[in-house]
Amino acid sequence: MMNISSGSSTSCFDFALDHLDWIDKTLDSELDHYIWKLKMGIRILKPFDLYIRKCRRWRSNQFTCLEYDKEENGDPKSDNLRLSSISFRIQDLVRGITHGLDSAFFRYIQSSASDHSDIRPELARFEENMRLLFDSDIKEFNIISLLLYYSLGDLQPVMDFIDLISENLRHLYGTCYEFDKDLKIVMRTLQEKLMHLKSFIRFATLQGVEGVQLKDLLVHVEVVAVNTASLICRLWFQRDDEQVCNEINTEISQAIQQMIVPVDPQVQETYLHVLTASKLSRSSCTFVMKENKHLVAKFIDYLLHSLMELLVYYTSFLVLVKDQMLKLHDGVKFLVTLLSKQQEKFDELNDKMKDLIGVVVSDAGILIFSLSVNEMKEGVCKETDLALSHLLEVLKLIIAEVGHIYPLPSSSLSFPKTNELGSLDFLLDTLKELAGSTADSIAFPNNQIRTILEDLVFLRAFLGNIVEQRSQNGKLQTLWSHVMKVAYSVELEIDSALLGDKHEHCVDAFARDIQLMKIEAEEIYDSIRYDAETLRVTKTTIHMPSQIVAPIFNEALVGLNDEVESIIDRLVRGSSQLGIVAIVGMPGLGKTTLASKVYGDPSINFHFHIRAWCTVSQVYSKHNLLLQILCAIDSGSYDQCHTMNEDDFAAKLYQQLKGKRYVIVLDDVWDIDGWNLLKHSLPDDCNGSRVLLTSRFHNLSLEIRPDSKPLHLRPLTDKESLELLQKKLFAKEDCPATLSEVVLHVAKCCKGLPLAVVLVAGILATTQQDCWEEVARRLSSTIFVENEHCMKTLEYSYNYLPDYLKPCLLYLGAFQEDQNIPVRKLLQLWISEGFVRRIEGKSLEDVADNYLMDLIGRSLVMPTQRRSLGGIKVCRIHDLVHEFCVEKAKEENFLGIVNVDDLHTFPGPCNPHRLSIYPSTSKGPIKSRLIFPNLRSLLFVDCKYGQQLDLDGSSLKFLLSKLLRVLDLGEMLCRYFPREVLFLVHLRYLRINWNFGQIPSAIANLSRLETLAVGGSLVRTIFLLPNAIWNMKTLKHLVVFPHYRVGGLEFPMDNVEGSPDLEHLETLCLVIDPSSQGQSLQKILSKLPSIRRLTCANGNDNWHSEASAGNHNGILVLDYLSHLESLEMVGFAGYEFVFPLNLRKLTISYNRQPWSKISAIGKLPNLEVLKLCPFSFVGEEWEMEEGEFQNLRCLELLGLDIRWWTASCDNFCCLEKLVLLNCFRLEEVPSCLGETFTLDMIEVTSCHESAVNSMKKIQQEQMDMGNKDLKIVIAELQK
């Protein structure tokens, strides 16, 4: 037991808290909640005792107090006695808790009791005593009003008081689950505001402010702190009263606005007087500034926060005012960087410059605190404008003196140089919508909109005709730039007006400017002369056909067969100890391609019990690497990534590998640190396990294992380069004799670098053959292989792209290096961004898919996974292409990229158009004080294998520009649906990850939303849609992610018949309970006339049970869905279906129908893909009937309890792929598969050995028929 000693009042609180901690650690977790509540109550009372004692001490020293109404408040002497009495009772109660618990704990030890019957009542009794003290002394005697009359105005007590209250607020909003999210938000905001006030006081004292000016600020902060203490106390001891909690929520918000934010004139005057005094008190400022840079930086951060709040809550300011404020924002941010991150630079400055920085900080505070909302909307007054201009000039002077630590861009309002015509088309669509609208939702007259629209339509056509000529004509380039700048500004003004602001006079000016540009364009239109050379070159480019068949990444390998055999030999032979085999070489040589070829070789699959692939890259974490390997071994590991830490994963991986012979590929390793994070999880059981790594650093494998012998990957010979180039250009056909010389010349130019060969092939493949010599001539002067690693070739490939493909390629830089990119998501993003141009007779999705195939055909994008129905499911780009995209996107101001850890010092443009945020490798919430009011797209990149992306709520609020069109929150798990999102009326794409519940009805505010993707970390998450969802006419995709989770969106059933149709909805993940809602499924689907892809899960909690199959025998009729192509049904046990005849892909699980019912599926005339998952059909025998499955191309049987399967040849007349997974009891596959000429691949995993033998027999029959290309992949036999 702990020894109990008496001491000061402060130590009695600390001792009680320590004692409770000791009891908590000694006993089991059953008492955790009781102890936590008791500790919270002690923390709540501690500031009151501290403040009462300070008040009494102050009175003793001063012999007086501030004036107050004696008639209402009584005699000061009696008030002092009352305060002394309350302080004594608080301390006595706290000491009593310590003694009482010690006695109870002693009785518990003596009794050897198995429960805590002696301790739990004591904990509850002490908590009740604290509540009674609050009711009788603090609340009833109105101690708060009394304390406010004894304002100390003394520096240190006020600071201590703020610290205690701030700590209590952190405990309440951080660890207390009894308060709702809205109350936690305001408590967090209040805590931040208190810390801001503390930083203000610190800055003022550092600047030498004292006397009346400082006392006024201290008294004001003291009043705020006492009121906050009162609110916290009421909240805690009356937390069970919902009405009180709601009242306190409102009171906190009012306190922030009326007492802290400088809106109230008296508060503003107090702040400004202190800052003015800080400029006048300059004694020993330089020394103070040098020794306390961090404190000054905190105050500047407060100023930055205040300025950001103005810009966030009032984003629709005049462009000129916004530009000024953004420049001020960047200047203030520079000072934070200088004082907190670049301290050595500050120390090198002379004393005069350091003094100047102190003055600038004060001036910035005066300016920010004096700004009013009306000024921000209507334009700052002349005096403020002059002060702002002067301040910006001084900031430029400081920046010039310091150097280029954080250089300011030349203009805050800069625009992307890529996709300019696409952006103009986007604006024209908006103008056409407004011109055809009769609603008064926008402030601009309809005739004004029509005039701008007509002039811009002419200018768009004009610009389209001078695309090639503008780079050679200065006048055309100037006009082009002017048109685009004005168009972007018009777009900003109109989109801001749609948010509610009125700026008719701005648009008047733009309309006049556009008219003048139209006149100028008309004058030079007839004088345009097309340069013959330009025309000739532009004619050489051709578009890739949309039906192009893209080879899957790593499929082709030329000239490295010897290397493949050598690596396989080193992996399967040699020492029994854990061995390291390294492939090293410069980027673009094909290291990953070679490793992938080895990894997929049948001899490797046969020799090793376990194979795993892990991509390391430049940015990684231990958690990430471990989870990648575990997921390769067991896909279920991903579900545990939120519940296990790194040590758990390391231990689990060790156990999974222990005793087994394994091979692990570590691809793209940059340093030894990645290996050090993994090595202790890789057991060496002397059984021949291996690690195969690829790296561009030759000595890395020697650092890991000095006796290792890395394979230095050689460049291709000229002959091999020629072979690869011809393979890319002509496939299996011969190169025409007329082109052989130029093709050989191009192959030699590539200097043996496979990536250069592939890129050049992409250029030639999209160029008319009679122009290949010209292309070869240009390539000869641009390919540079040494230090720049193909960058010149990439630049040439990029310049050769049609303008509409350039933004699509650069956008891939938004994803992480080596990241697999889901194609469907990518295409939806392209469309939402406005990159995809409308083509008559084609959907935007089809056009976007053609764009992707074009980029693949040019070898700039690599497909990594196909869809069962054809097309590409997943793609990626080479790391060099990624590097190029990132740099080019930055250069063109197209896209800013930042790691979440670096948000507070983002070095990119101050006002980016798009921002991609990479996940963190550290832990804990990330704070940002960045604001980008004109931001159109914000993407939080998907965390790879459990990487954390935790951004605190206020930082997210700042990043959410009201002009956003695309918001992808990635894997960042939101605790609630962010309210700020509901005001982003321009959103077209929204992806949000959150576990709970009801989607707010205010989602209907997002009237332009096309894609809504929601997800959570739970295996089964159901999201309830509001009734307002029926009014969202633009919706195309309503989906949940990740796809493998059994969840979906549940529609409201109130008045479905009377609701409007969602005419454009194409993709839906639906959850519904057909047993309780009658014909609800048909009712909902009848409102979706355009649905193409549908996933439908049973919402009944017992959907997966075997008993549920006997409870239903209904028929679900779906044949009216005339556009439906892909359907997945999960959990409709016992139901039969009437499917639409146009269905091309069908996935079924947990349907539990007998095999005799499958004929309804077999007769579908257009069915190409069928996936039968666990319990889709039950029974031991499946006998396929004649005439069924005539067009089936892909058949997957997953986890079925089937033993016998019979079929005839005509059942498989079109079959290309067969997949068998976990069909443990299946004895053999139909022998007629041996006569199927179309069969390309059979994949077998965890199936019976007899079934595998029947597969091998079929392979032999196929070879006898001349089909030597049939691939059979076998893993994990069951004997």
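Refer to the structure printed above.
Before going into details, it helps to say that this report is about the structure given with it. (Residues numbered from 1 in each chain as written. Predicted model: local features only at pLDDT ≥ 70, side-chain atom pairs only at ≥ 80, totals over all residues. Heavy atoms only, no water.)

**Observations regarding the sheet that holds strand β2 (residues 610–615)**
So, step 1. Strand order in the open sheet formed by five strands is β2-β3-β4-β1-β5, and the pairing between neighbours is parallel. The open sheet has two edge strands with one neighbour each: β2 and β5 (711–712).
So, step 2. Pairing analysis gives six bridges linking β2 to strand β3 (residues 662–667), with the strands arranged parallel. Residue pairing across strands places I610 opposite Y662, the latter belonging to β3.
So, step 3. Contacts between helix α27 (residues 622–633) and the sheet are confined to β2 and β3, with β2 contributing the most and set at about 145° to the helix. (Pairing = 2+ DSSP bridges. Helix = DSSP H or I, 4+ residues; strand = E, 2+ residues; numbered from the N terminus. Contact = heavy atoms within 4.5 Å. Axes fitted to C-alpha atoms, helices over the stretch in contact; angles between N-to-C directions.)

**What to know about the nonpolar core**
As a rule of thumb, soluble globular proteins bury nonpolar side chains together.
So, step 1. Core analysis: the largest hydrophobic core is formed by 121 residues, its most contacted members being L45, M187, F200, Y271, L328 and V361.
So, step 2. Apart from residues lying up to four places away in sequence, L328 is in contact with L307, L367, I368, L388, L391, L392 and L395.
So, step 3. Judged by nonpolar contacts, the second largest core, of 104 residues, contains L960, L964, W994 and I1003. (Core = buried A, V, L, I, M, F, W, Y, C linked by side-chain atoms within 4.5 Å. Buried < 20%, exposed > 50% of the residue type's maximum accessible area, 1.4 Å probe, protein only.)

**Observations regarding unusual backbone geometry**
So, step 1. Within the chain, C686 stands out as a residue other than glycine whose phi angle is a positive 55°.
So, step 2. For C686, the position within the fold is in the loop between α29 (672–678) and β4 (690–695).
So, step 3. Of note, the phi angle at F1175 is positive, near 60°, even though the residue is not glycine.
So, step 4. Structurally, F1175 can be placed in the loop between β25 (1169–1172) and β26 (1177–1178).

**Looking at the packing of aromatic side chains**
So, step 1. The tally for this structure, following the rule as stated, stands at 26 aromatic pairs.
So, step 2. Ring geometry for W36 versus W236: centroids 5.7 Å apart, planes at 70°, classification edge-to-face. Of this pair, W36 sits in helix α2 (residues 32–62) while W236 is found in helix α9 (residues 212–237), placing the two residues 200 residues apart along the sequence.
So, step 3. Looking at W36, the relative accessible area reads 18%, which means it is buried.
So, step 4. By relative accessible area, which is 1% here, W236 ends up buried. (Phe/Tyr/Trp six-rings, centres within 6.5 Å; stacked < 30°, edge-to-face > 60°.)

**Remarks on the pairing of strand β8 (residues 872–876)**
So, step 1. Taking burial as the measure, the five residues of β8 include four buried ones, the bulk of the element.
So, step 2. Where strand β6 (residues 821–822) and β8 come together, two bridges link them in antiparallel fashion. Along β8, the bridge assignment pairs P822 with V874.
So, step 3. Across four bridges, strand β7 (residues 862–866) lies against β8 in antiparallel orientation. Looking at β8, one finds that Q865 is bridged to V874.

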